[in-house]
Amino acid sequence: MSTGHNKRKTDQQIISDWIRPQSRVLDLGCGRGVLLEYLIQKSSIHGIGVDIDLEKVQSCVKRNIPVYMGSAEDLMEIYPDRYFDWVICSRTLQDLQNPAKVILEALRVGRHLAIGFVNQGYWLNRYTALKDGCLPQNEVFTHSWEDGNPFHLITINSFEAFCIKHKITICSRIYLRGDWERHLTFAPNLRAGYAIYNLKAST
Amino acid sequence: MNGLWLNIFYEDDIFFAKWNRIYLFACFAMNDTEQISWQTDGEVGLVEWHDFTSDKPFLFESGQSLPGISLRYETYGRLNRDRSNAILICHALSGDHHCAGVHSMNDRKMGWWNNIIGPGKPVDTNQFFVISSNCIGGCQGSIGPSSIRPDTGSPWYLDFPDVTIADMVHAQHRLITEALGLERLFAVIGGSMGGMQVLQWAIDFPGFVNRYIPMATTARQSAQAIAFNEVGRCAIMQDPGWNNGRYLSGKGPNVGLAIARMMAHITYLSDQGLEAKFGRTRQNGSSAGKRFDAEFEVESYLRHQGESFINRFDANTYLYFTKALDRFDLFGSEQSLDSSFKNVQGKFLTVGFTSDWLFPPSQNREIVHSLLRCGKHATYAEINMTLGHDSFLVHAPELYRLVNQFLLS
């Protein structure tokens, strides 16, 4: 479990370092509120999480993290443009019903969008898919096909093509190796296990 | 897992399975041990009510006033040394001050929220001092239309001033500050009309309360809810026994009040809940010869609800309180909930119930949307239950956990 712990830590640390103290932060798919709790303690941010799962919402309540139970789209709709300094979408993208809509809406209500996802272009993921002939199942993709959850395979190349198509500015990007810890720059679509972006809407 | 949880959830296999899953997940997957917060289970037991009476005048929102007021209330648990652990429970339309325990060992029914209030329960009386008061305008000990007016020696009847949700809250505030001498409340909790009072507390006394839990409620009464209340009022007012509100105790518009209650009671339940409880089951040994007698169980259930209501509730209070509900509108003249909420302080946990069609989840969400837009600490949770509006009053382990964790967080 120690690798799992580290895997959780590095990407969240990168996002946390981007966020300035006192920022207004919205965490889409906040889960049990671990990241928001950390940001509140470390940077005194004003945070709100959104999650669809009551058990996770209960955990947030226990952590004293404000959380909205419902869909990210419904919640973002209520906010004026650029209400948040940061919107975070960490390990959530693959589960969204309508990722493009959520990303574009997040770029409307947030000055910046921090987005992190598992790169399915990573060679080991490709190899596993080839070898077993089935969808990958791992720490992020915990569900099997029969659970019926939406389940998007995202690659670095396809994500960056999406950004170009929608004229989204990539302020910075960080690629992590298969250990989700060490950084890399060369041939990320094949070599990176995880990707993190700082995005903003083009003005 | 300790014995208590086994006890509470013994019959709730689904929840138990879910809980097990979180528990395992918490242990193995992350550093997030979900410790069980309440350890012992108990009852508040034998309780008695108190009467707060004040000779200071009370000014109603309408501009009318009374020379003095009285409110009936109960308390459970103990006030701590720095007087910081008081929780106020606000009751719904037909509720009262008696929300936990029993008045005598022969009582068959316990207080209306006994499942959530008590030693070791979600609102833990080992930790909190719980206050529950009967609303102004009520008929169960507090001053209302059936109280005797000092100048004439006869009941107030319809000369009693119009009551609003804000009046209820302001009267409670006097109880809290004058009778109990408190300068703050740790929390205010209530469902339905009680939830409206919770919101009104936040607006009218910002800084007085630390935490708010409104549930199954709304920031303004909807047209549908007004419509149902109007049917109830018409049933009462068209009963000859109503006599323009001037009737002797026990001899009022009993038929009208019973019909109002029967109709309203349907709005507190749900299609699915009624189907599960009664279906098309027919009455045993019903007087089948009488063609329009209660034939189905659901009919006799509603008739029973109506009949038992007339023994404990006053028809004029029903008129006053339903009007208070109907006139409740936090959007105000500016048509903006945000401007009502902009000065509120403290933390909010708002809970909606999926099958509630009287105050549906969307109306509970609307409250949270506005609080969040105003930058307040607000949480929204929605509980999937099939029992309709009254879901907040029944055994609801998921609600218990939310309330308990919110109070302890």
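Source: prediction; values computed, not measured. Counting starts from 1 at the beginning of each chain's written sequence and moves along it residue by residue. For this description, chains carry letters from A and ligands carry numbers from 1, given in the order in which they are written. Where local features are concerned, this predicted model is filtered to residues with pLDDT of at least 70; where side-chain atom pairs are given and counted, the filter is 80 or more; whole-chain, interface and lining totals use all residues. With hydrogens and water set aside, each side-chain value is computed from the structure's full complement of heavy atoms.

Draft legend 1. Quick peek at the overall build of chain A. In terms of regular secondary structure, chain A is built from eight helices and eight strands. Here the globule rule reads 2.2 Å times residues to the power 0.38, and the radius of gyration is calculated from C-alpha atoms. For a compact globule of 203 residues, the expected C-alpha radius of gyration is about 17 Å, and chain A comes in at 16 Å, within 12% of that figure. Taken along the three principal axes of its C-alpha coordinates, chain A extends 45 × 40 × 30 Å. A burial count over chain A gives 50% of its 203 residues as buried. Residue-level accessible areas treat just the shown protein chains as cover; the underlying method is Shrake-Rupley with a 1.4 Å probe. Surface accessibility of chain A: about 9500 Å² in total, with carbon and sulfur atoms responsible for 53%. When the 24 positive and 21 negative side-chain charges of chain A are each reduced to one mean point, those points stand 7 Å apart. Numbering of helices and strands runs from the N terminus; a helix is a DSSP stretch of H or I covering at least four residues, while a strand is a stretch of E covering at least two. The classification of residues rests on relative accessible area computed with a 1.4 Å probe and restricted to protein chains. Under 20% of the type maximum is buried, over 50% is exposed, and intermediate values are partly exposed. We score Asp and Glu as negative and Lys and Arg as positive, and we do not count His or the chain ends. By convention, the point assigned to a charge is CZ for Arg, NZ for Lys, CD for Glu and CG for Asp.

Draft legend 2. A look at helix H6 (residues 254-268) of chain B. All names here are of chain B. For a helix, the expected span equals 1.5 Å multiplied by the number of residues minus one. Given a rise of 1.5 Å per residue, 15 residues ought to cover 21 Å, and the 21 Å separating the end C-alpha atoms of H6 matches this to within 8%. Gly 256, Leu 257, Ala 258, Ala 260, Arg 261, Met 263, Ala 264, His 265, Thr 267 and Tyr 268 are the residues of H6 that are buried. Whether two residues are in contact is decided by their heavy atoms, any of which lying within 4.5 Å being enough. The elements touched by buried residues of H6 are helix H5 (223-237), helix H8 (297-310) and helix H9 (315-327).

Draft legend 3. Region of the structure containing the environment of B:Ala324. Residues and elements named next belong to chain B. For Ala 324, the location among the structural elements is in helix H9. You can call Ala 324 buried: its relative accessible area is 1%. Sequence separation between Ala 324 and Val 163 is 161 residues, and the spatial gap between their C-alpha atoms is 5.9 Å. Those residues within four positions of Ala 324 in sequence are excluded, and the remaining contacts are Val 163, Thr 164, Ile 165 and Met 168.

Draft legend 4. Spotlight on a nonpolar patch on the surface. Think of a patch as exposed residues, more than 30% relative accessible area, with no salt bridge, where like charges cluster within 9 Å and nonpolar side chains (Val, Leu, Ile, Met, Phe, Trp, Tyr) cluster within 5 Å. Salt bridges are defined as contacts in which a side-chain nitrogen from Lys or Arg sits within 4 Å of a carboxyl oxygen from Asp or Glu. Side chains of A:Trp123, A:Leu124, A:Tyr127 and A:Leu190 sit close together on the surface and give an oily, nonpolar patch of about 400 Å² of accessible area. Considering every element that reaches the nonpolar patch, the biggest residue donor is helix H6 (residues 123-132) of chain A, with three residues.

Draft legend 5. Layout of the confidence of the model for chain B. All names here are of chain B. In this model, chain B carries a mean pLDDT of 90, and residues with pLDDT of at least 70 account for 89%. Confidence scores per residue from the predictor, reported as pLDDT, run from 0 to 100. Per-residue pLDDT stays below 50 along residues 1-40; that stretch engages in 67 contacts with residues further than four places along the chain or on separate chains. For this predicted complex, the interface confidence comes out at an ipTM of 0.93, alongside a pTM of 0.90.

Draft legend 6. Local environment of the pattern of salt bridges. This structure, assessed with the given rule, holds 23 salt bridges over all chains. One salt bridge connects A:Asp85 with A:Arg111, and the closest N-O pair in it is separated by 3.9 Å. On the criterion of sequence distance, the pair formed by A:Asp85 in strand S4 (residues 84-90) and A:Arg111 in strand S5 (residues 110-118) is long-range, its members being 26 residues apart. Taking the relative accessible area as the measure of exposure, A:Asp85 reaches 26% and is therefore partly exposed. Looking at A:Arg111, the relative accessible area reads 38%, which means it is partly exposed. Between B:Asp162 and B:Arg327 there is a salt bridge; the shortest N-O distance is 3.8 Å. Of this pair, B:Asp162 sits in the loop between strand S8 (129-133) and helix H3 (165-179) while B:Arg327 sits in helix H9, and the two are 165 residues apart along the sequence. The partly exposed category is assigned to B:Asp162, whose relative accessible area is 36%. Here B:Arg327 falls in the partly exposed class, since its relative accessible area comes to 47%. Bridged by salt links that share partners, the residues A:Asp81, A:Glu105 and A:Arg108 form one connected network.

Draft legend 7. Quick peek at the packing of aromatic side chains. In this analysis, rings of Phe, Tyr and Trp, with Trp reduced to its six-membered ring, are considered paired at centre separations within 6.5 Å, and the interplanar angle assigns stacked below 30 degrees, edge-to-face beyond 60, and tilted for intermediate values. Evaluation of the coordinates by the stated rule reveals 28 aromatic pairs over all chains. Chaining the aromatic ring pairs together yields one cluster made of A:Phe117, A:Phe159, A:Phe162, A:Tyr175 and A:Tyr197. In our convention, an over-ring charge means Lys NZ or Arg CZ found within 6 Å of a ring centre and within 35 degrees of that ring's normal. In this arrangement the basic side chain of B:Arg211 is found over the ring face of B:Phe406, its NZ or CZ atom lying 5.9 Å from the centre. Positioned over the ring face of B:Phe309 is B:Arg261, at 4.5 Å from the centre of the ring.

Draft legend 8. Representation of the nonpolar core within the structure. Judged by nonpolar contacts, the single largest core of 167 residues is most densely connected at B:Ile131, B:Ile136, B:Leu185 and B:Trp201. A total of seven residues in this core trace back to one element, the largest contributor, which is H9(B). As used in this record, nonpolar core signifies buried Ala, Val, Leu, Ile, Met, Phe, Trp, Tyr and Cys residues forming a set joined through side-chain atoms within 4.5 Å.

Draft legend 9. Inspection of unusual backbone geometry at higher detail. Residue and element names in this part refer to chain B. Phi is positive for Arg 83, which is not a glycine, with a value near 55°. Assignment of secondary structure puts Arg 83 in the loop between strand S4 (69-76) and strand S5 (86-90). A positive phi angle, close to 55°, is found at Asn 244, a residue other than glycine. On the secondary structure map, Asn 244 appears in the loop between H5 and H6. For Asn 244, a relative accessible area of 56% translates into the label exposed.

Draft legend 10. Structural context of the pairing of strand S9 (residues 185-191) of chain B. All names here are of chain B. Counted residue by residue, S9 has seven buried out of seven residues, so it is predominantly covered. For two strands to be treated as a pair, DSSP must find at least two bridges joining them. As paired elements, S5 and S9 share four bridges and run parallel to each other. Counted as the bridge partner of Cys 90 is Gly 190 from S9. Across six bridges, S9 lies against strand S10 (residues 209-215) in parallel orientation. For Val 188, the partnering residue across the bridge sits in S10 and is Tyr 212. A crossover links S9 with its parallel partner S10, the connecting element being helix H4 (residues 193-204), and its sense is right-handed. A crossover counts as right-handed when, viewed with the strands pointing away from the observer, the path leading from the first strand over the helix to the second turns clockwise.

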